[in-house]
Amino acid sequence: MHVKFVVAAEALFAGYALAVPTATQQTKRQTGVEEYIASESPIAYQGVLNNIGPDGSGAQGAAADFYTWTRDSGLVFKELGDAFIAGDAALEVHLQNYVTAQAELQKVSNPSGDLETGGLGEPKFHVDMTAFTEEWGRPQSDGPALRAIALITYANHLIGSGQTEQAQNIWPLVQNDIAYVTEWWNKTTFDLWEEVEGSSFFTAASQHRALIEANALAAALGQTCEGCEEQASQVLCFVQDFWTGSAVNSNINTQGNNRAGLDANSFVSIIHTFDPEAPCDDVTFQPCSARSLANHKAVVDSFREGYGVNQGIEQGVGVAVGRYIEDVYMGGNPWYLCTAAAAEILYDALFQWAKIGTLSITDVSLPFFTDIYESAAVGDYAADSEEYTAITAAVKEYADSFIGVLQKYTPKDGSLAEQFGRDDGTPKSAAHLTWSYASFLTMIARRGGIVPPTWGAATGNTLPDQCSGASGKGNYAGPATVSWPSA
Ligand SMILES: *[C@@H]1O[C@H](CO)[C@@H](O)[C@H](O)[C@H]1NC(C)=O
């Protein structure tokens, strides 16, 4: 995946920089990891900046083969929104530029259709916001959901700071993306790796989240989110289909493929639907849920045998993680962002246990725990118990060991490509991948206890009596140009 994002920045991710621990917090054993975090963080921060264009309409003057993906932009601007809310005021102009650009982009007819006929599901555009007309895996229905989530993050901030009128300007964009979600969630799509046509766990989970958040935003703005509540619970019902009983099968409803289903698709999904206020809920696959942890073990273990770089590493110690073990793209290698996601899930879980005050081990999650803490047993452990302290320390150490893997395979100059060789660990494929840098920064933020705002998972997890694939009829309208009061 080659990623170029719309919108410029000077001081992105300052919020994340806050999460870098000081040298005095280091223990001897972790010194290597702490040093790596300290040296890599500014490089990753700059790495994100370098791949973001100079203004809201994209990289003006950039070569014509630069693209902007709706998914990748949505994910990054969600993270920038979080960083802005966490205190990086310089980011606001870039969020505003993103909103303005999306109001134009939604109107661009493309091979997936126009605004009302599926065009929002188009995966990528040229950075000058013209349509990309060559053959590609279309549609990719995660894009509108992820863009809605990014837009809502900023809109919620505006409401919270008394700028409701500005938030009203964002609503029509959200409404379009949500209209697409309600209309298209029960149709097949290409997955986030742009390869498999079917139903993707990441897509469905993102759509559920978008519907929940859009419904709440509509209420706050006095708008109506047509069918959002019913559709949200139906999408969540469908999300349950991806659970096999022991792991997530990331791609279902496919026309046959050769994969077992264990896929970092689920890791990326789980970190992006992490809700710091939620309990360890299985239904929404929260990071600390039994399902998430069982899946963590299953996915990580699927990479232990096949990669040369993982040979000789014991069970319970972090390894290099790729997209899925059957991957053949560029020879099928570990990815930096997948390995970072393995760590991030565990930092999220640690945050949730601390907040809840209890860590529960169930039959489903027990194998995950016995790998890292031999005497682990099914039960509930209160935060003031010795077991809780020992088990959470083991989880932290395990999470840090994935950072150790990243450290080992980051070249001296700190650059993060897309992949590193399965046998020799050398960087491979797209150099300076924005998503690799961004994934490093969010992992470090979560490790430092910096978490995004709640998205309502705790109350948005009701299932209907029966699953139904009945989708809604979207209500689209060409958004007006969005402008902002000059600062
Ligand atoms: C549509 O929804 C039904 C009910 O949840 C589900 O069984 C089916 O797999 C879904 N199909 C697609 C393509 O999303």
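Residues numbered from 1 in each chain as written. Predicted model: local features only at pLDDT ≥ 70, side-chain atom pairs only at ≥ 80, totals over all residues. Heavy atoms only, no water.

A few points about the nonpolar core
Argument step 1. Formed by 125 residues in total, the largest nonpolar core has its most connected members in W193, W353 and F369.
Argument step 2. No other element matches the 13 residues that helix α11 (residues 336-356) contributes to this core.
Argument step 3. Both of domain 1 (16-50 + 262-455) and domain 2 (66-242) provide at least three residues apiece to this core.
Argument step 4. Setting aside its immediate chain neighbours within four residues, W353 contacts C280, C288, L293, T358, L359, F369, Y388, T392 and V395. (Core = buried A, V, L, I, M, F, W, Y, C linked by side-chain atoms within 4.5 Å. Buried < 20%, exposed > 50% of the residue type's maximum accessible area, 1.4 Å probe, protein only. Helix = DSSP H or I, 4+ residues; strand = E, 2+ residues; numbered from the N terminus. Domains from an automatic or database assignment. Contact = heavy atoms within 4.5 Å.)

Brief notes about the sheet that holds strand β4 (residues 197-200)
Two strands in a sheet stick together by hydrogen bonds in their backbones, pointing the same way (parallel) or opposite ways (antiparallel).
Argument step 1. Across the sheet, which stays open at both edges, the three strands sit in the order β3-β4-β5 with antiparallel pairing between neighbours. If you trace the sheet from one side to the other, it starts and ends with β3 (189-190) and β5 (251-252), each paired once.
Argument step 2. As paired strands, β3 and β4 are joined by two bridges and run antiparallel to one another. What sits directly across from F190, in β4, is E197.
Argument step 3. Contacts from helix α7 (residues 201-221) reach β3 and β4, with the element oriented near 50° to β4. (Pairing = 2+ DSSP bridges. Axes fitted to C-alpha atoms, helices over the stretch in contact; angles between N-to-C directions.)

A look at the environment of A431
Argument step 1. The topology assignment puts A431 in the loop between β9 (427-428) and α14 (434-447).
Argument step 2. The spacing of A431 and A417 is 14 residues in sequence and 4.1 Å in space, taken between C-alpha atoms.
Argument step 3. With residues near it in sequence (within four places) discarded, A431 still touches L416 and A417.

Observations concerning the state of the cysteines
Argument step 1. For the structure shown, the criterion picks out three disulfides.
Argument step 2. Each sulfur in the disulfide pair C225 and C228 lies 2.0 Å from the other. Linking C225 and C228, the disulfide has an S-S dihedral of approximately -60° and is accordingly described as left-handed.
Argument step 3. At a sulfur-sulfur separation of 2.1 Å, the disulfide partner of C280 is C288. On the S-S bond that ties C280 to C288, the torsion sits near -110°, and the link is left-handed.
Argument step 4. Residue class for C280 comes out partly exposed when judged on its relative accessible area of 29%.
Argument step 5. With cysteine numbering restricted to those in disulfides and following the sequence, the protein chain has the pairing 1-2, 3-6, 4-5. (Disulfide = S-S within 2.5 Å.)

Concerning the domain arrangement of the protein chain
Argument step 1. Partitioning the protein chain into structural domains gives domain 1 (16-50 + 262-455) and domain 2 (66-242).
Argument step 2. Its C-alpha centre places domain 1 at a distance of 26 Å from the equivalent point of domain 2.
Argument step 3. Taken together, the contacts link 32 residues of domain 1 with 24 residues of domain 2.
Argument step 4. Around 2300 Å² of area is buried between domain 1 and domain 2 when both sides are counted, 65% of it from carbon and sulfur atoms.
Argument step 5. The residue E195 makes a salt bridge to R323 at a minimum N-O spacing of 2.9 Å.
Argument step 6. At the level of secondary structure, the elements contributing two or more residues to the side of domain 1 that touches domain 2 comprise α9 (265-272), α11 and α14.
Argument step 7. No other element matches α9, which puts five residues into the side of domain 1 that touches domain 2. (Buried area = accessible area lost by both parts, 1.4 Å probe. Salt bridge = Lys/Arg side-chain N within 4 Å of Asp/Glu carboxyl O.)

Observations concerning the confidence of the model for the protein chain
Argument step 1. Averaged over every residue, the pLDDT of the protein chain is 90; residues scoring 70 or more account for 90%.
Argument step 2. Scored below 50 in pLDDT, residues 54-61 shows 21 contacts in the model against residues more than four places distant or in partner chains. (pLDDT = per-residue confidence, 0-100.)

A few points about the packing of aromatic side chains
Argument step 1. A full pass over the atoms with the stated rule returns 23 aromatic pairs.
Argument step 2. Between the aromatic rings of W193 and W335, the centroid separation amounts to 5.5 Å while the plane-to-plane angle is 55°, which identifies the pairing as tilted. Here W335 lies in the loop between α10 (290-302) and α11 and W193 lies in the loop between β3 and β4, a separation of 142 residues in the sequence. Judged on exposure class, the residue W193 and its partner W335 are both buried.
Argument step 3. Taking 5.0 Å as the distance between ring centres and 85° as the angle between the ring planes, the aromatic pair formed by F368 and F369 counts as edge-to-face.
Argument step 4. The class of F368 is buried, set by a relative accessible area of 2%.
Argument step 5. Residue F369 is classed as buried on the basis of its relative accessible area of 0%.
Argument step 6. Members of the aromatic cluster, joined through ring pairs, are W185, F201, F238, F242, W243 and F285. (Phe/Tyr/Trp six-rings, centres within 6.5 Å; stacked < 30°, edge-to-face > 60°.)

Regarding the UniProt feature "domain: GH15-like" (unreviewed entry) in the protein chain
Argument step 1. Cross-referencing UniProt, the feature "domain: GH15-like" (unreviewed entry) maps to residues 66-444 in the present numbering.
Argument step 2. Between the C-alpha atoms that bound residues 66-444 there is a distance of 29 Å. The span itself is 49% helix and 7% strand. (UniProt positions renumbered as here; feature names shortened; annotations may be inferred.)

So, the side chain of D348
Argument step 1. Mapped onto the elements, D348 comes out in helix α11.
Argument step 2. Salt bridges are absent for the buried D348, whose nearest opposite-charge side chain, R446, sits at 4.0 Å.
Argument step 3. When neighbours within four sequence positions are excluded, D348 is seen to be in contact with I271, F274, P287 and R446. (Lys, Arg positive; Asp, Glu negative; His and termini not counted.)

Thoughts on α10
Argument step 1. The terminal C-alpha atoms of α10 lie 18 Å apart, and with 13 residues this matches the ideal 18 Å at 1.5 Å per residue to within 8%.
Argument step 2. Among the 13 residues in α10, 11 count as buried, and that is most of the element.
Argument step 3. Within the span of α10, buried status applies to A290, R291, S292, L293, A294, N295, H296, K297, V299, V300 and S302.
Argument step 4. The secondary structure elements touched by the buried residues of α10 are α9, α11, α12 (366-372) and α13 (386-408). (Expected span 1.5 Å × (residues − 1).)

Thoughts on the pattern of salt bridges
Pairing is possible between side chains that carry opposite charge, provided their charged atoms lie close to one another.
Argument step 1. Taken as a whole and judged by the stated rule, the model has 21 salt bridges.
Argument step 2. The salt bridge involving K78 is made with D82; its shortest N-O contact spans 2.8 Å. Taken together, the positions of K78 and D82, both in helix α3 (residues 70-85) and four residues apart, correspond to about one turn of that helix.
Argument step 3. The exposure class assigned to D82 is buried, which follows from its relative accessible area of 9%.
Argument step 4. Several salt bridges converge on common partners, so that one network encompasses E195, R259, D263, R323 and D327.

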